[in-house]
Amino acid sequence: MGSTVESRSSRKNTSGADRPVGVFDSGIGGLTAVRELRKVLPGEDIIYLGDTARVPYGTKSEETIKRFAEQDVEFLRRFDIKLIVVACNTVSSVAIEYLRAKYESLHILGVLEPGVEEACRTTRSGKIGVIGTIATIESRRHVSEIKRRGDFQVLCRPCPLFVPLAEEGLVAGQIPELVAHMYLDELRGKIDSLILGCTHYPLLTETISKVMGPEVRLINVSHEVARKARGYLLQNGLLREKGRGDLRVYLTDIPPHYEELIFRFLGEKPRSVEKVELEF
Ligand code: DGL
């Protein structure tokens, strides 16, 4: 790991509210959550880790996802963070209980529960759709979390091709629409709410909405997790409201055109982007 990270992570004497919020994802997609966090929590310093060397997680086994997620948390812990936001839906579905059991003293917020809560609260018909990576959908975690909250019907569909489309910036037009039809036609007319259970899907909102029709409400889990993070910080006297917070991005690999990619998901330029190696 780079020496810069060492020196920054050794600042451990800051008061509760001044400590940063840690966010991680399998790659750059989790910056959609950071974008929302920056809107809802403008004063917070954010440390973002994207495991770009090992993305995607969504096609990997539970065992591997848990191991990677643990290494991601270990990295963020060096920054004396006050809260961890798991921006990755795959990790939130497959490994969150594992992480919470292992790091009892850390408050770990995933994107799954806030999205589920919002869908259950706002659905009129009680018929909720969920789309995500293969690992997310196969975990069946959304189904159990939704059913635990009431007598709801849940329809799920993995949409793996949405990830490369969003990364390519191919989010509107013939090709993404064709792909969206292929995945979503089977849900059309059967649900009134659709959880966008993957970091990349908010970029395809327009296309997904066009295919699903205006009567289907799309739930952006990034937006929901940001609200939840604010609630937690406020209740625990940890909210930092003064000034504009800092954003530092750490990636396990610096891909070509990374600046363009980051901007696509984040909508701004972070203060710094550094490469890190996780200790396995
Ligand atoms: N970040 C992942 C998620 O939200 C999508 C990319 C991946 O498969 O790792 O599920």
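In the block above lies the structure referred to throughout.
Thresholds applied
- Residues numbered from 1 in each chain as written.
- Predicted model: local features only at pLDDT ≥ 70, side-chain atom pairs only at ≥ 80, totals over all residues.
- Heavy atoms only, no water.
- Pairing = 2+ DSSP bridges.
- Helix = DSSP H or I, 4+ residues; strand = E, 2+ residues; numbered from the N terminus.
- Axes fitted to C-alpha atoms, helices over the stretch in contact; angles between N-to-C directions.
- Contact = heavy atoms within 4.5 Å.
- Near = heavy atom within 4 Å.
- Polar contact = N/O pair within 3.5 Å; in protein donor to acceptor, adjacent residues only side chain to side chain.
- Areas by Shrake-Rupley, 256 points an atom, 1.4 Å probe, with all protein chains shown as cover.
- Parallel < 35°, antiparallel > 145°, perpendicular 65-115°, else oblique.
- Nonpolar A, V, L, I, M, F, W, Y, C, P; charged D, E, K, R; others polar.
- Buried < 20%, exposed > 50% of the residue type's maximum accessible area, 1.4 Å probe, protein only.

Bringing the sheet that holds strand β10 (residues 272–275) into the picture now. Strand order across the open sheet formed by six strands is β4-β3-β1-β2-β9-β10, with parallel pairing between neighbours. At either margin of the open sheet sits one strand with a lone partner, and together these are β4 (108–110) and β10. Adjacent strand axes in the sheet meet at a mean angle of 20° when their direction is disregarded. Across the sheet, helix α3 (residues 62–77) touches β1 (21–25), β2 (46–50), β3 (83–86) and β9 (247–251), and the angle it forms with β1 is around 155°.

Below, the discussion takes up the site of the ligand. The ligand sits among Asp25, Ser26, Val55, Pro56, Tyr57, Gly58, Cys88, Asn89, Thr90, Thr133, Cys198 and Thr199. The side chain of Asp25 places a nitrogen or oxygen atom 2.7 Å from a nitrogen atom of the ligand. Side-chain polar atom of Thr90 to an oxygen atom of the ligand: 2.6 Å apart, as the coordinates give it. Taken by itself the ligand offers 290 Å² of open surface, and the protein chains cover 99% of this.

The next thing to look at is the packing of helix α6 (residues 112–122) against helix α12 (residues 221–235). One way to put it is that α6 packs onto α12 with a least axis distance of 8 Å and a crossing angle of 105°. By the angle between their axes, α6 is roughly perpendicular relative to α12. Mapping the contact onto sequence places Pro114, Gly115, Glu117, Glu118 and Arg121 in α6 and Val221, Glu224, Val225, Arg227 and Lys228 in α12. Of the residues assigned to the contact of α6 with α12, the class counts are three nonpolar, one polar and six charged.

Turning our attention to helix α8 (residues 141–148). Those residues of α8 that fall on the buried side of the exposure criterion are Arg141, His142, Val143, Glu145 and Ile146. Following α8 by one or two positions, Gly150 adopts a phi angle in the positive range, close to 155°.

What follows covers the pairing of β1. Along any regular strand, the residues point their side chains to alternate faces of the sheet. Where burial is concerned, most of β1 is hidden: five out of the five residues are buried. Judged by which residues are buried, β1 turns out to be covered on both faces: Val21, Val23 and Asp25 on one side and Gly22 and Phe24 on the other are all buried. Pairing between β1 and β2: five bridges, direction parallel. Its bridge partner being in β2, Val21 is matched across the sheet by Ile46. Two elements, β1 and β3, share four bridges in a ladder whose sense is parallel. Bridging from a neighbouring strand, Val21 pairs with Leu83 of β3.

Here we take up unusual backbone geometry. Cis geometry is found at the peptide bond from Val55 to Pro56, where omega equals 5°. Position of Pro56 relative to the elements: it lies in the loop between β2 and α3. Phi angles above zero are rare outside glycine, and Arg140 is one such case at about 60°. Counting through the fold element by element, Arg140 comes out in the loop between α7 (134–139) and α8. The backbone phi angle of His257 is positive, close to 60°, even though this residue is not glycine. Position of His257 among the secondary structure elements: in the loop between β9 and α13 (258–266). Residue His257 is classed as exposed on the basis of its relative accessible area of 62%.

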